[in-house]
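Residues per chain, in single letters:
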Amino acid sequence: MDLASLRKQQIDLAAQVIRKDRLEQDPPRLIAGADVGFEQGGDVTRAAIVLLKYPSLELVEYQVARVATSMPYIPGFLSFREYPALLTAWEMLSQKPDLLFVDGHGISHPRRLGVASHFGLLVDVPTIGVAKKRLCGKFEPLSEEPGSCQLLTDKGEPLAWVLRSKKRCNPLFVSTGHRVSLDTALLWVNRCLVGYRLPEPTRWADAVASGRPAFTRWQAIQG
């Protein structure tokens, strides 16, 4: 594994990330959520992508792809391991979204290229990273109230909003993936929160990927 080459790819791709958007002029009608996991001891990468109508946040389509894992887990290079399955699931969708939430980091990454930025560049769709753990940077303590947020900064650069989305839950790290500004990313995550820790796009992607009760109930209703 040539990590120097992968590191250079990350730096080159990070320079292509667009950190502004037109979402207020062109509001999304379809929002996707993407979640990646691993099966069979890591040999299989599983990607789930869901499509939700906006503003109802109703689930209208989902696709799950399973592909052979192409590289081992190496901290800081996870996007190279995850994006092949994401691309496969993306190509299975009958329609493409106007906005994409990815369970993972966008620019809030040591080399500014987490999976949300990497995949957002590949499909060239406005993309937001919604991560559960910090990779780099620092932030001031949050209050316990839902909606409390602070900027995550690294070397003086603002990289994400640290958001308390639900009381008594660990915060989320909301960042620019591609073609979305930092403030717009926070705005749309808040618009897609309905009382759970995760915004609906990634909550549904996780539910589909893991066969959670919310998804099995939805399947039963669809008949």
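The structure we're discussing is the one just above.
Note that the structure is a prediction, hence the values are computed from the model and not measured. (Residues numbered from 1 in each chain as written. Predicted model: local features only at pLDDT ≥ 70, side-chain atom pairs only at ≥ 80, totals over all residues. Heavy atoms only, no water.)

## Looking at the overall build of the protein
And then number 1: Regarding its fold elements, the protein presents 6 helices and 8 strands.
And then number 2: Starting at the N terminus and walking to the C terminus, you meet the elements of the protein as α-β-β-β-α-β-α-β-β-β-β-α-α-α.
And then number 3: For a compact globule of 223 residues, the expected C-alpha radius of gyration is about 17 Å, and the protein comes in at 16 Å, within 12% of that figure.
And then number 4: Along the first, second and third principal axes, the C-alpha set of the protein runs to 50 × 40 × 35 Å.
And then number 5: Within the span of the protein, comprising 223 residues, buried residues form 55% of the whole.
And then number 6: Contacts in the protein between residues at least 24 apart in sequence constitute 62% of all its contacts with a sequence separation of at least 6. (Helix = DSSP H or I, 4+ residues; strand = E, 2+ residues; numbered from the N terminus. Rg over C-alpha atoms; globule rule 2.2 N^0.38 Å. Buried < 20%, exposed > 50% of the residue type's maximum accessible area, 1.4 Å probe, protein only. Contact = heavy atoms within 4.5 Å.)

## Describing the pairing of strand E6 (residues 149-154)
And then number 1: With 6 bridges joining them, E6 and strand E7 (residues 157-163) adopt antiparallel strand pairing. Pairing of Asp154 across the sheet is with Glu157, part of E7.
And then number 2: The turn linking E6 back onto E7 is made up of 2 residues, and Lys155 within it adopts a positive phi angle of 55 degrees. (Pairing = 2+ DSSP bridges.)

## Some remarks on the pattern of salt bridges
A side chain of one charge can pair with a side chain of the opposite charge if their charged atoms are brought near each other.
And then number 1: A complete count under the given rule lists 15 salt bridges for this structure.
And then number 2: With its nearest N and O atoms 2.9 Å apart, the salt bridge here joins Glu39 to Arg66. Taken together, the residues span a long stretch of sequence, with Glu39 in strand E1 (residues 30-39) and Arg66 in strand E3 (residues 59-68) at a distance of 27 residues.
And then number 3: When its relative accessible area of 18% is taken as the criterion, Glu39 is described as buried.
And then number 4: One salt bridge in this structure joins Lys132 and Asp103, with 2.6 Å as the shortest N-O distance. Separated by 29 residues along the polypeptide, Lys132 in the loop between strand E5 (127-131) and E6 and Asp103 in the loop between strand E4 (99-102) and helix H3 (115-123) bring together distant segments of the chain.
And then number 5: When its relative accessible area of 34% is taken as the criterion, Lys132 is described as partly exposed. (Salt bridge = Lys/Arg side-chain N within 4 Å of Asp/Glu carboxyl O.)

## A short note on the layout of surface pockets
And then number 1: Quantified by volume, the largest pocket comes out at close to 540 Å³.
And then number 2: Forming the walls of the largest pocket are 24 residues, and the residues nearest its centre are Leu78, Glu82, Asp103, Gly104 and His105.
And then number 3: Elements with a contribution of two residues or more to the lining of the largest pocket: E1, helix H2 (78-92) and helix H5 (200-210).
And then number 4: Within the lining of the largest pocket, the residues separate by chemical class into 9 nonpolar, 8 polar and 7 charged. (1 Å grid on protein atoms, 1.4 Å probe; cavity = no way out; pocket = protein on both sides within 12 Å on 5 of 7 lines; lining within 4 Å. Points joined across faces, edges and corners; volume = space filled by probe spheres on them. Nonpolar A, V, L, I, M, F, W, Y, C, P; charged D, E, K, R; others polar.)

What is shown is where atoms sit, not what they do.
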